[in-house]
Amino acid sequence: MAEKTITEIARLCADCGTCQSACPVYGAELSEPNSPRGKVNLIKAVDDGRLKTNANNRALLYQCLVCGGCDQACPNGVEFTSMMINYRNRISSGRSIPWLKKLLLFFYQGFILRKVLWLPRLLARTPLKKKLFLPSFQNTDLKKIRGHDRSKSYDVLLFPGCVLTYFYPEKIAGIKALLEKQGLSVLLPPGLHCCGFPYLSQGWGKKFSSLKKKNQAVFRSFRFQYIVVPCSTGVLAFKKYYDLPGIEIFELSEFLFKFRPDAALDPDFAKPFPGPFTYHDPCHNLKSLKLQREARHFLEQFGDRYRDDASALCCGFGGIFKVGFPATSARILDKKTDKLDELGAGALVTSCPGCYMQLKESLPIPVYFFSDIFKK
Ligand code: SF4
Ligand code: SF4
């Protein structure tokens with residue numbers, strides 16, 4: 001079936017406002033133009049020729065995390081995130097993205113990071129760390145665990161994604177070891193790039209297409225059964241915007257739940273925490289991929305050391321959103337922090353690299369990646 005056009009999607013909106021309660025940006029700003037409904041009406045007005053795009057309404061259209069909350073809540077089938085991504089690509093084509101955002105997008109892609117990784121590492125040790133939204137870098141050298149044998153067919157191609165590759169490579173080494181412990185052969189190939197979603201969602205479709213082409217060429221040059229991605233945004237990009245016919249793609253918790261539901265957990269994981277630990281549902285896991293049960297299957301095995309958070313509150317990261325709208329992002333994070341206090345959480349686990357970075361760098365409690373709960 002052909003993809004719906006921007007106009008077709010916008011026309012489905014019945015102005016009911018159900019989406020407001022699902023929108024973290026509306027929850028933080030409490031103003032109609034910041035709600036999904038307000039944005040649909042803005043797009044309709046521009047589409048009808050009643051309004052011209054200008055700097056103000058363009059900024060409003062970028063004040064959205066593309067989290068998928070409204071898609072899930074809408075009773076009329078308005079595919080808001082698809083419409084938003086298509087619309088941004090139509091109005092911007094990368095030209096109107098501010099230079100700071102563009103610079104950070106280059107960082108994501110790794111072109112600059114690969115060559116001058118020492119610079120952000122150095123800056124992360126200075127007071128500029130917070131201003132530049134830099135995380136604490138881990139030091140694992142991925143070259144030592146990358147490798148491939150072209151004559152071999154692997155069970156899993158592990159797509160590491162850019163946040164873990166450049167900031168938290170230790171996690172990639174841990175995930176590879178975890179999958180191998182389950183008896184699987186794992187390929188971590190050289191030459192992969194960012195999945196490209198951060199570019200596409202910002203309206204830089206040309207850049208996305210070039211990254212997609214490069215990643216697809218790497219995928220085509222190896223033999224493997226599944227692609228496993230420890231990042232739901234990457235899974236979303238591959239499933240919705242790549243051409244990968246016949247290839248099955250799984251988010252990490254989804255893959256383990258389906259193929260290794262008995263994977264052994266670390267019995268000592270929850271012991272040091274002063275209170276029970278909880279789980280942060282990444283928006284794209286829950287709202288776009290509908291993965292709710294998968295991680296919980298493992299987390300609930302910790303008994304009363306695990307306390308569920310069913311609130312589905314966003315962490316406010318949204319990649320470049322945090323850079324573009326730091327005050328809104330901080331208000332969204334405050335709501336999350338209040339919820340964690342209410343739960344008496346002694347630690348937090350999440351399964352999205354972006355959420356991990358945001359929460360690890362902001363919360364006073366220890367934050368772990370999903371793969372950390374398993375036996376080493
Ligand atoms: S829930 Fe759907 S139909 Fe209702 S206002 Fe929001 S986008 Fe429109
Ligand atoms: S995608 Fe998320 S942030 Fe954007 S309008 Fe919908 S609910 Fe709000």
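Anything mentioned here points back to the structure above.
Residues numbered from 1 in each chain as written. Chains lettered and ligands numbered in written order. Predicted model: local features only at pLDDT ≥ 70, side-chain atom pairs only at ≥ 80, totals over all residues. Heavy atoms only, no water.

Here the focus is unusual backbone geometry. As a rule of thumb, non-glycine residues mostly have phi less than zero, and peptide bonds are mostly trans rather than cis. In the Ramachandran plot, valine 66 falls in the positive-phi region, its phi being about 50° despite a non-glycine side chain. Within the secondary structure layout, valine 66 lies in the loop between helix H4 (55–62) and helix H5 (69–73). Phi at lysine 290 is positive, roughly 60°, even though this residue is not glycine. Structurally, the position occupied by lysine 290 is in the loop between helix H17 (283–288) and helix H18 (293–299). Judged by relative accessible area, lysine 290 falls into the exposed class, the value being 51%. (Helix = DSSP H or I, 4+ residues; strand = E, 2+ residues; numbered from the N terminus. Buried < 20%, exposed > 50% of the residue type's maximum accessible area, 1.4 Å probe, protein only.)

Let's shift gears to the pairing of strand E3 (residues 223–229). Along E3, 5 of the 7 residues are buried, which leaves the element largely enclosed by surrounding structure. In terms of strand pairing, strand E1 (residues 153–158) meets E3 through 5 bridges, oriented parallel. Across the sheet, residue tyrosine 154 finds its bridge partner in E3, namely phenylalanine 224. Relative to strand E4 (residues 248–251), E3 runs parallel, the two sharing 4 bridges. Within the sheet, the bridge partner assigned to isoleucine 227 lies in E4 and is isoleucine 249. Crossover handedness for the path E3 to helix H15 (residues 232–241) to E4: right-handed. (Pairing = 2+ DSSP bridges. Right-handed = clockwise from strand over helix to strand, strands pointing away.)

Our focus in this paragraph is the nonpolar core. By size, the foremost hydrophobic cluster in this structure holds 104 residues, and its most contacted members are Leu179, Phe219, Phe277 and Ile373. Discounting residues that sit within four places of it in the chain, phenylalanine 219 has contacts with Leu157, Phe159, Leu192, Phe224, Ile227, Phe238, Tyr242 and Leu244. The next biggest cluster of nonpolar side chains, apart from the first, holds 12 residues, and it includes Leu65, Cys283, Phe321 and Ile332. (Core = buried A, V, L, I, M, F, W, Y, C linked by side-chain atoms within 4.5 Å. Contact = heavy atoms within 4.5 Å.)

Moving on, we get to the side chain of aspartate 372. Residue position: aspartate 372 is located in the segment after strand E7 (367–369). Residue contacts for aspartate 372: discarding those within four places in its chain leaves Lys171 and Phe269.

Right, let's talk about the sheet that holds strand E2 (residues 186–187) for a bit. Spatially, E2-E1-E3-E4 is the arrangement adopted by the 4 strands of the open sheet, whose pairing is parallel. A strand with exactly one partner marks an edge of an open sheet, and here the two such strands are E2 and E4. Helix H16 (residues 252–259) contacts E1, E3 and E4 of the sheet and is inclined by roughly 105° relative to E4. (Axes fitted to C-alpha atoms, helices over the stretch in contact; angles between N-to-C directions.)

Before going further, it helps to examine the packing of aromatic side chains. With the rule as written, the count across this model stands at 29 aromatic pairs. On the numbers, 5.9 Å between centres and 75° between planes, the contact of phenylalanine 208 with tyrosine 242 is edge-to-face. A residue pair is termed long-range when its members are at least 10 positions apart, and phenylalanine 208 in helix H14 (residues 205–220) and tyrosine 242 in the loop between H15 and E4 qualify at 34 residues. One exposure class covers both phenylalanine 208 and tyrosine 242, and it is buried. By the ring-pair criterion, three or more aromatic residues cluster together here, those being Phe159, Phe197, Phe208, Phe219, Phe238, Tyr241 and Tyr242. (Phe/Tyr/Trp six-rings, centres within 6.5 Å; stacked < 30°, edge-to-face > 60°.)

In this section: the site of ligand 2. The local shell around ligand 2 holds 14 residues, among which Cys23, Cys64, Leu65, Cys67 and Cys70 are the closest. Listed by contribution, the elements that provide at least two residues to the shell around ligand 2 are helix H2 (24–29), H5 and helix H6 (80–91). (Near = heavy atom within 4 Å.)

Right, let's get into the packing of helix H20 (residues 326–343) against helix H21 (residues 353–362). In contact at an axis separation of 12 Å, H20 and H21 are set at 75° when each is read in the N-to-C sense. One element, H20, and the other, H21, form an angle in the roughly perpendicular class. Packed against H20, whose contacting residues are Ser329, Leu333 and Lys336, the element H21 presents Gln358, Leu359 and Ser362 at the interface. For the contact of H20 with H21, a count of residues per class yields 2 nonpolar, 3 polar and 1 charged. (Parallel < 35°, antiparallel > 145°, perpendicular 65-115°, else oblique. Nonpolar A, V, L, I, M, F, W, Y, C, P; charged D, E, K, R; others polar.)

Position of proline 24 relative to the elements: it lies in helix H2. Distance from proline 24 to arginine 331, taken between C-alpha atoms, is 9.3 Å for residues 307 residues apart in sequence. Proline 24 has contacts with Leu65, Cys67, Cys314 and Ile332, leaving out every residue within four places of it along the chain.

The next subject is the packing of helix H3 (residues 36–48) against H4. Where H3 meets H4, the closest approach of the two axes is 10 Å, and the angle between their N-to-C directions is 135°. Taken together, the axis directions place H3 and H4 in an arrangement best described as oblique. Of the two elements, H3 crosses H4, and the hand of that crossing is left-handed. On H4, the residues touching Lys39, Leu42 and Ile43 of H3 are Asn57, Leu60 and Leu61. Residue composition of the contact of H3 with H4, grouped by class: 4 nonpolar, 1 polar and 1 charged. (Left-handed = near helix turned anticlockwise from the far one by under 90°.)

Turning to the pattern of salt bridges, a few remarks are in order. The final tally for this structure, using the stated rule, is 14 salt bridges. With a closest N to O distance of 2.7 Å, arginine 296 and aspartate 308 form a salt bridge. Of the two residues, arginine 296 sits in helix H18 while aspartate 308 sits in the loop between H18 and helix H19 (321–324), which places them 12 residues apart along the sequence. By relative accessible area, which is 2% here, arginine 296 ends up buried. A residue is classified by how much of its surface remains accessible, and aspartate 308, at 33% relative accessible area, is partly exposed. The closest approach of N and O atoms between lysine 339 and glutamate 342, which form a salt bridge, is 3.2 Å. Highlighted residues: lysine 339 and glutamate 342, both in helix H20, separated by 3 residues, approximately one helical turn. Accessibility expressed as a relative area gives 62% for glutamate 342, which makes it exposed. Taken together, the shared-partner salt bridges in this structure form one network comprising Arg11, Asp48 and Arg50. (Salt bridge = Lys/Arg side-chain N within 4 Å of Asp/Glu carboxyl O.)

Coordinates in, geometry out; function isn't part of it.
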